[in-house]
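Residues per chain, in single letters:
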Amino acid sequence: MTPASTAELAEAVAGAVADGLPVKAVGTGHSFTAAAATEGLLIRPERLTGLRAVDRAAGTVTVAAGTTVRQLNETLSAHGLSLANMGDIMAQTVSGAVSTGTHGTGRDSASLAAQIRALELVTADGSVIGCSADENPEVFAAARLGLGALGVITAVTFAVEPEFLLRAREEPMAFDRVTTEFDQLVAENEHFEFYWFPHTSGCVTKRNNRTAGPAAPPGRLSAWVEDELVANGLFQAVCTVGRAVPAAVPGIARVASRALSARTYSDVAYKVFTSPRRVRFLEMEYAVPREAAIAALREVRAVVERSGFRVSFPVEVRTAPADDIPLSTAYGRDTAYLAVHMYRGTPYRAYFTAVEQIMTAHGGRPHWGKLHSRDAEYLAGAYPRFAEFTALRDRLDPGRTFGNPYLRRVLGA
């Protein structure tokens, strides 16, 4: 169903419970897991969108849960406002993005969920509750990143600030240099990330820092060449060749890494944070303690070199500060994220399994919306407040109205 209001959604949940049906809300399908799958009532949020309130004094904006991240950013920009940080994809609904832990990279600014100041939630009995640090604080603490296990989010209030410009510097850098200087690069930049190209010693770094301006976005032609022709069109062709002829992947990777060039540009924040991603892939991402990031990456490199894997996608490394959200991958520790990808249709399980073994040896926490094989037993040891979350779930949804096989695996029965 596609409710047009919170009241309509709450009525539908109550009706499904009366009929003994499970309920799940789905966003745009950006996740790689079955977190939103159900054999019962599937709620789609296409009509539950738009701006609800702007509170400049409090520095907050409230939007309906089905609003996409793109729509949120465009609305904020129209009001001269911005989020402090975000990921590089804008297709997700805000409720889906926060519920699975979507994040960007940041020295001081954290995930989307960490920027929430309040939310509205429909619980398993059809009640509508407001949650914030002052109202239902125990629910608020957990539901900011709740996997859809505590209820259906119908509105989200984000902390915002006056719109600002970011200056981006994209630059090739040797693997040995970027790994040696990683701590310094993170400390010196508000937002730092890099991509290592397997089978090569080449990386691409990206540094985003605030600037007073003026804005100097890439020219239309150069942006099309870099972002569409090279990053999407040419990369699509390379991946297609690699899938058909795996032995060609290392050679193609070496040629491609040598062809990379540096560029600098500046623009409003969300246009710098985000990039078009049109090449389809499968992804696994793990969060490890920041001090373990480079050791883990070097182990991944060693596995690729000795295994015979043919990997056409780069390995992405980002960071986040510690936060206080019980199921956040950055809970209680400064964090680094290592993400591995494989082109759609390419065998991926052996590569992902080998990388996962490295990540779990470093105390890794899997991204909730991406492929992984962890279960509740492992995750209970990885999250200090795991039992607190599951106890709240027992209280809010004892009948598992919002349960499904994925949640049974990662949270337990």
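Every value quoted in this text rests on a predicted model; they were computed, and no experiment measured them.

Draft legend 1. Expanded view of the overall build of the protein. What the protein contains, in helices and strands, is 14 helices and 17 strands. Here the C-alpha atoms of the protein give a radius of gyration of 21 Å, agreeing with the 22 Å that 2.2 N^0.38 yields for 413 residues. Seen through its principal axes, the protein has C-alpha atoms that stretch 60 × 50 × 35 Å. Counting over 413 residues, the protein shows a buried share of 55%. Taking contacts inside the protein between residues at least 6 apart in sequence as the whole, the part at least 24 apart equals 74%. By element, 53% of the accessible surface of the protein is carried by carbon and sulfur atoms, the whole surface being about 16900 Å².

Draft legend 2. Up close: the layout of surface pockets. Counted as a void, the second largest pocket has a volume near 210 Å³. Lining the second largest pocket are 18 residues, with Phe 309, Arg 310, Met 342, Thr 346 and Pro 347 positioned closest to its centre. For the lining of the second largest pocket, the secondary structure elements donating two or more residues are α7 (220-244), β16 (335-343) and α11 (349-361). For the lining of the second largest pocket, the per-class residue count stands at 11 nonpolar, four polar and three charged.

Draft legend 3. Up close: the side chain of Thr 93. Summarising the element assignment, Thr 93 is placed in the loop between β5 (81-82) and α3 (94-99). From its side chain, Thr 93 meets the backbone nitrogen of Gly 96 in a polar contact 3.1 Å long. Apart from the residues lying within four places of it in its own chain, the contact partners of Thr 93 are Gly 27, Thr 28, Pro 45, Ala 65, Gly 66, Thr 67, Thr 68 and Val 69.

Draft legend 4. View of the packing of aromatic side chains. Scanning the entire structure with this criterion turns up eight aromatic pairs. An aromatic cluster of at least three residues, connected via ring pairs, comprises Phe 309, Tyr 348, Tyr 351 and Phe 352. When the ring centre of Phe 175 is taken as reference, the NZ or CZ atom of Arg 301 above it lies at 4.3 Å. Sitting over the face of the ring of Tyr 383, Arg 365 holds its NZ or CZ atom 4.9 Å from the ring centroid.

Draft legend 5. View of the pattern of salt bridges. On inspection of all chains with the given rule, the structure shows 19 salt bridges. Where Arg 107 meets Asp 108, a salt bridge forms, and the shortest distance between an N and an O atom there is 2.9 Å. In this structure, Arg 210 engages Glu 161 in a salt bridge whose closest nitrogen and oxygen atoms are separated by 2.6 Å. Of this pair, Arg 210 sits in strand β12 (residues 202-211) while Glu 161 sits in strand β9 (residues 161-162), placing them 49 residues apart in sequence. Arg 210 gets classed as partly exposed once you look at its relative accessible area, which sits at 37%. Three or more residues are tied together by salt bridges with common partners; here these are Glu 283, Glu 285, Glu 316, Arg 318 and Lys 370.

Draft legend 6. A look at the pairing of strand β14 (residues 281-289). With respect to burial, β14 is a largely interior element, seven of its nine residues being buried. As judged from the nine bridges shared by β14 and β16, these two strands associate in the antiparallel manner. For Glu 283, the partnering residue across the bridge sits in β16 and is His 341. Where β14 and strand β17 (residues 365-366) come together, two bridges link them in antiparallel fashion. Note that in β17 the partner of Tyr 286 across the bridge is Pro 366.

Draft legend 7. Here's a closer look at the environment of Asp 19. Residue position: Asp 19 is located in the loop between α1 (6-18) and β1 (23-25). Its relative accessible area of 60% is what places Asp 19 among the exposed residues. Distance in space between the C-alpha atoms of Asp 19 and Gly 40 is 9.9 Å, their sequence separation being 21 residues.

Draft legend 8. Focus on the sheet that holds β17. Read from one edge to the other, the open sheet built from eight strands follows the order β13-β10-β12-β11-β15-β16-β14-β17, with strand pairing classed as antiparallel. Every other strand in the sheet has two partners, leaving β13 (263-268) and β17 as the edge strands with one partner each. Pairing of strand β15 (residues 315-320) with β16 involves five bridges; the strand directions are antiparallel. Pairing of Ala 320 across the sheet is with Thr 335, part of β16. With respect to the sheet, helix α10 (residues 293-307) is in contact with β11 (191-196), β14, β15 and β16, its orientation differing from that of β11 by roughly 15 degrees. Along the sheet face, α11 touches β14, β15 and β16 and points at about 10 degrees away from the line of β14.

Draft legend 9. Fine view of the pairing of strand β7 (residues 128-132). Where strand β6 (residues 116-122) meets β7, five bridges bridge the pair, whose relative direction is antiparallel. Counted as the bridge partner of Leu 119 is Cys 131 from β7. In textbook terms, the turn of a hairpin is the stretch between consecutive antiparallel strands, and for β6 and β7 this stretch comprises five residues, one of which, Gly 126, has a positive phi near 85 degrees.

Cut-offs and rules
Residues numbered from 1 in each chain as written. Predicted model: local features only at pLDDT ≥ 70, side-chain atom pairs only at ≥ 80, totals over all residues. Heavy atoms only, no water. Helix = DSSP H or I, 4+ residues; strand = E, 2+ residues; numbered from the N terminus. Rg over C-alpha atoms; globule rule 2.2 N^0.38 Å. Buried < 20%, exposed > 50% of the residue type's maximum accessible area, 1.4 Å probe, protein only. Contact = heavy atoms within 4.5 Å. Areas by Shrake-Rupley, 256 points an atom, 1.4 Å probe, with all protein chains shown as cover. 1 Å grid on protein atoms, 1.4 Å probe; cavity = no way out; pocket = protein on both sides within 12 Å on 5 of 7 lines; lining within 4 Å. Points joined across faces, edges and corners; volume = space filled by probe spheres on them. Nonpolar A, V, L, I, M, F, W, Y, C, P; charged D, E, K, R; others polar. Polar contact = N/O pair within 3.5 Å; in protein donor to acceptor, adjacent residues only side chain to side chain. Phe/Tyr/Trp six-rings, centres within 6.5 Å; stacked < 30°, edge-to-face > 60°. Lys NZ or Arg CZ within 6 Å of the ring centre and 35° of its normal. Salt bridge = Lys/Arg side-chain N within 4 Å of Asp/Glu carboxyl O. Pairing = 2+ DSSP bridges. Axes fitted to C-alpha atoms, helices over the stretch in contact; angles between N-to-C directions.

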